[in-house]
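Structural overview for review
Here's the letter readout for the chains.
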Amino acid sequence: MLMPILQIHSEDMPAYAIVCGDPARAEKISRKLEQARELAFSREYRTFVGLYEGVQIAVVSHGVGSPGAAVCFEELIRAGVTTLIRVGTAGSYTADYPAGSVIVSTAAVRTDGLTRQLVPDGFPAVADIGVTQALIEAAREQERADDATFAGKVGVGITVTLDAFFAGVEEIPHRKYKQAGALAAEMEIAALYIVSTLRGARAGAIVAIDGFADSDLAAEYDPHTDAVGQAVEREINAALRALAALARQDQA
């Protein structure tokens, strides 16, 4: 069956997928796979499949923001994907997790507009516990292996999903989210968790910190530093290892 927006066929899709915003990052991740091949590049949605530790994995870009990303998640699940992990970047709310850190998202604050049109306001956006645990274990294993060179830290906690990247005249209550215990802000995780919950898939997310969302900590934004690049590499490796571990558990 053809997915009309992603332009992929369901018979080509495995059960496990990494999703990311940037089509170029999807291509980068695909280079870590054996027998990688590109299936489609439609709009912002670029799809690869290949093998990682013997497990068939898809890598798909979803663009920026919840509405477009949700289209990607919906069609992937309709095509047969049952486990999704988002890798991306986020702005930190705390000096404890500076640029170069990695955070595993356990749940997302739903400040986006997309999920309000899918579920009631009080409905939570929560990661699958098994996917989350696999990500935590893989990220911490990576942290131990890179101990001498790891610039940041590995954190685990709640993230915030926003629609606005640049500020307008309305104030985004970053300080309240920070006071409530949220660790970072990004733009797609709530959509991933809500769509996956509604459609019976399981999902998790891991993000590399590329700056501060908290205005008290904010400095000049530069997502292209060596520290951020290393964090992105580590989150990609953690996501791949987590999917491989989950596949082995599923087959046991």
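Residues numbered from 1 in each chain as written. Predicted model: local features only at pLDDT ≥ 70, side-chain atom pairs only at ≥ 80, totals over all residues. Heavy atoms only, no water.

**A word on the pattern of salt bridges**
Considering all chains together, one arrives at nine salt bridges under this definition. For Glu233, the salt bridge goes to Lys32, with nearest N and O atoms at 2.5 Å. A residue pair is termed long-range when its members are at least 10 positions apart, and Glu233 in helix α6 (residues 226-251) and Lys32 in the loop between α1 (23-30) and β4 (34-42) qualify at 201 residues. On the basis of relative accessibility, which here comes to 27%, the residue Glu233 falls in the partly exposed class. Its salt-bridge partner being Arg202, residue Asp250 comes within 2.4 Å of it at the nearest N-O pair. Here Asp250, found in helix α6, pairs with Arg202, found in strand β12 (residues 202-212); they are 48 residues apart in sequence, far enough to count as distant. Residues joined by salt bridges that share partners form a network here, namely Lys28, Lys32 and Glu233. (Salt bridge = Lys/Arg side-chain N within 4 Å of Asp/Glu carboxyl O. Helix = DSSP H or I, 4+ residues; strand = E, 2+ residues; numbered from the N terminus. Buried < 20%, exposed > 50% of the residue type's maximum accessible area, 1.4 Å probe, protein only.)

**A few points about the pairing of strand β8 (residues 102-110)**
For β8, a buried count of seven out of nine residues is recorded, marking the element as mostly surrounded by other parts of the structure. Looking at chain direction, β8 and β12 are connected through four bridges and run antiparallel. For Ser105, the partnering residue across the bridge sits in β12 and is Ala205. As paired strands, β8 and strand β9 (residues 125-126) are joined by two bridges and run antiparallel to one another. Across the sheet, residue Ala108 finds its bridge partner in β9, namely Ala125. (Pairing = 2+ DSSP bridges.)

**Examining the packing of helix α2 (residues 66-78) against helix α5 (residues 189-199)**
Direction vectors running N to C along α2 and α5 enclose 30 degrees, while the axes themselves pass 9 Å from each other. What the angle tells us is that α2 and α5 run roughly parallel. In the packing of α2 onto α5, the handedness of the crossing is right-handed. Here α2 contributes Ser66, Ala70, Phe73, Glu74 and Ile77 to the contact with α5, which in turn contributes Ala191, Leu192, Val195, Ser196 and Arg199. Broken down by class, the residue content of the contact of α2 with α5 amounts to six nonpolar, two polar and two charged. (Axes fitted to C-alpha atoms, helices over the stretch in contact; angles between N-to-C directions. Parallel < 35°, antiparallel > 145°, perpendicular 65-115°, else oblique. Left-handed = near helix turned anticlockwise from the far one by under 90°. Contact = heavy atoms within 4.5 Å. Nonpolar A, V, L, I, M, F, W, Y, C, P; charged D, E, K, R; others polar.)

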